[in-house]
Every structure is written in C-alpha cells, then in structure tokens.
Amino acid sequence: MKDRRTILKSALALGLGARSLNVLHAQSDDPRRARPQEGDRFVFAFGPRQGETIRVDDVPVASEQIFSFAMDPSSGAVRDGSLLNQVLLLRFDPDSLAPETREASVDGVVAYSGICPHTGCDVEGWSEDTGFLVCSCHDSEFDPRDGAEVISGPAPRRLPSLPLRSEDGVLVAAGGFSATIRFEEEF
Ligand code: FES
C-alpha cells in the first residue's frame, strides 16, 4: 500500500490536486481509463504479484483489503489509467454479510471503490478488531459487510460497490460500480 500512497503523492506533486483528480472520473474510450465493466477480471494493483489475475481463493478471509484493478479480458488492458479505478477486495464469512451485500458477493468476496468520498484519499486502512475499512486521512470508517456504509468520520456517503461472480474460480465483475466515483473538493 505504500506504493499506492506514493503514486497519489506523486500525482499531487504534479499538481493533480483533489479538484483535478475529481475531473478524472469522466469515462473514456481508452479501455485503461474506463471504469470496471461487466465481465472484467481483476489483477493485483501492487506488490510481488502485480498484474496477476486474482482468483477467489487469493482473497483471504477476514483480512485487510487487496488493492486491484479490473482488466478487460478481450484486450488484456488493465484499467489502471485512472486513479479512481482502483478496487478493494475483501472476504468474509458469507453469513456475516448483509443481504444486499451477500447478493453482490461471491463466496464471501466483496468489492468496493478504493477512493474515499470525503476528499479522495485512498482507503488503505483496515481494522482487524472490527473488520471496518479505514481512511486514515480524517478517520472515516466503512463497514464492508454492509455495503461499505459509513460508520464514523466525515465521509458523506458509502463507498460504491462492485458486484462479483466467479468463473472457474476466477473473480469476475458482474457489473459496474453502484455509483459514480466522486469526492468532495479540498479547500
Ligand atoms: S479523505 Fe477519507 S476521511 Fe477524509
């Protein structure tokens, strides 16, 4: 996750402040910049397995989130051309998931946007005690077992979710994000 933070800091250093990043949400014909779509696979965004396809069993139960990007299976294009495309993957006991969350999950794996809707930081924290996702910029917490509902902090809304299915054990997007990826501007 340090790598991810470095990338965001680099973007900010280049003048791509929160306001600019927010503009990046516009869809594009470039498959690398387009948001995740139905049928996409997922690849590890960072770390020693960066670029490898993610299978359901690669996502550990009750453990911190995996940062991923969707991949267009027909062209092989990884959708890493926008900082707003990152997808968090986590896994829980399916019985612990709220009904709507379970419906969008596969074998307990759930997927959410990794961009905090407050001012656009990465949601890179995770509480082992509660299982909540944590944005450490201003301490917002989200419950990934219940649609990433906001538990505490200044985040104005939940994290958009991404429905999943599996094909031969490989994680596949069953649709796009539940909402536009956006965040408040910093002043
Ligand atoms: S940017 Fe996440 S809590 Fe402020």
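Details of the structure are given in the entry above.
These figures come from a predicted structure and were not determined experimentally. (Residues numbered from 1 in each chain as written. Predicted model: local features only at pLDDT ≥ 70, side-chain atom pairs only at ≥ 80, totals over all residues.)

A. Layout of the overall build of the chain. Looking only at helices and strands, one finds three helices and ten strands in the chain. If you list the helices and strands of the chain from N to C, you get α-α-β-β-β-α-β-β-β-β-β-β-β. Taking the intrachain contacts of the chain between residues at least 6 apart in sequence as the baseline, contacts between residues at least 24 apart amount to 59%. (Helix = DSSP H or I, 4+ residues; strand = E, 2+ residues; numbered from the N terminus. Contact = placed C-beta atoms within 7 Å.)

B. Representation of the sheet that holds strand β3 (residues 87-91) within the structure. The strand order across the open sheet formed by four strands is β1-β2-β3-β4, and the pairing between neighbours is antiparallel. The sheet is open, and its two borders are formed by β1 (41-44) and β4 (109-113), each paired with just one other strand. The sheet shows a mean angle of 45° between the axes of neighbouring strands, direction not considered. As defined by bridge partners, β3 adjoins β4 across five bridges and the pair is classed as antiparallel. Bridge pairing links Leu89 to Ala111 in β4. (Pairing = 2+ DSSP bridges. Axes fitted to C-alpha atoms, helices over the stretch in contact; angles between N-to-C directions.)

C. The environment of Cys121, seen in detail. Mapped onto the fold, Cys121 is located in the loop between β4 and β5 (125-126). Along the backbone, Cys121 and Phe183 are 62 residues apart, and their C-alpha atoms lie at a distance of 9.1 Å. Setting aside residues no more than four positions away along its own chain, Cys121 makes contact with Cys116, Cys135 and Cys137.

D. Spatial organisation of the sheet that holds strand β6 (residues 133-135). Strands sit in the order β5-β6-β7-β8 across an open sheet of four strands; the sheet is antiparallel. Only two strands of the sheet have a single partner each, and these edge strands are β5 and β8 (149-152). Across three bridges, the pairing between strand β7 (residues 140-143) and β8 is antiparallel. Looking across to β8, one finds that Asp143 is bridged to Glu149.

E. Structural context of the environment of Ile115. Looking at the secondary structure, you find Ile115 in the loop between β4 and β5. Classification of Ile115 by C-beta neighbours within 10 Å gives buried; the count is 27. Residues within four places of Ile115 in sequence aside, it is in contact with Leu84, Gln86, Gly120, Ile181 and Phe183. (Buried ≥ 20, exposed ≤ 12 C-beta atoms within 10 Å, placed from the backbone.)

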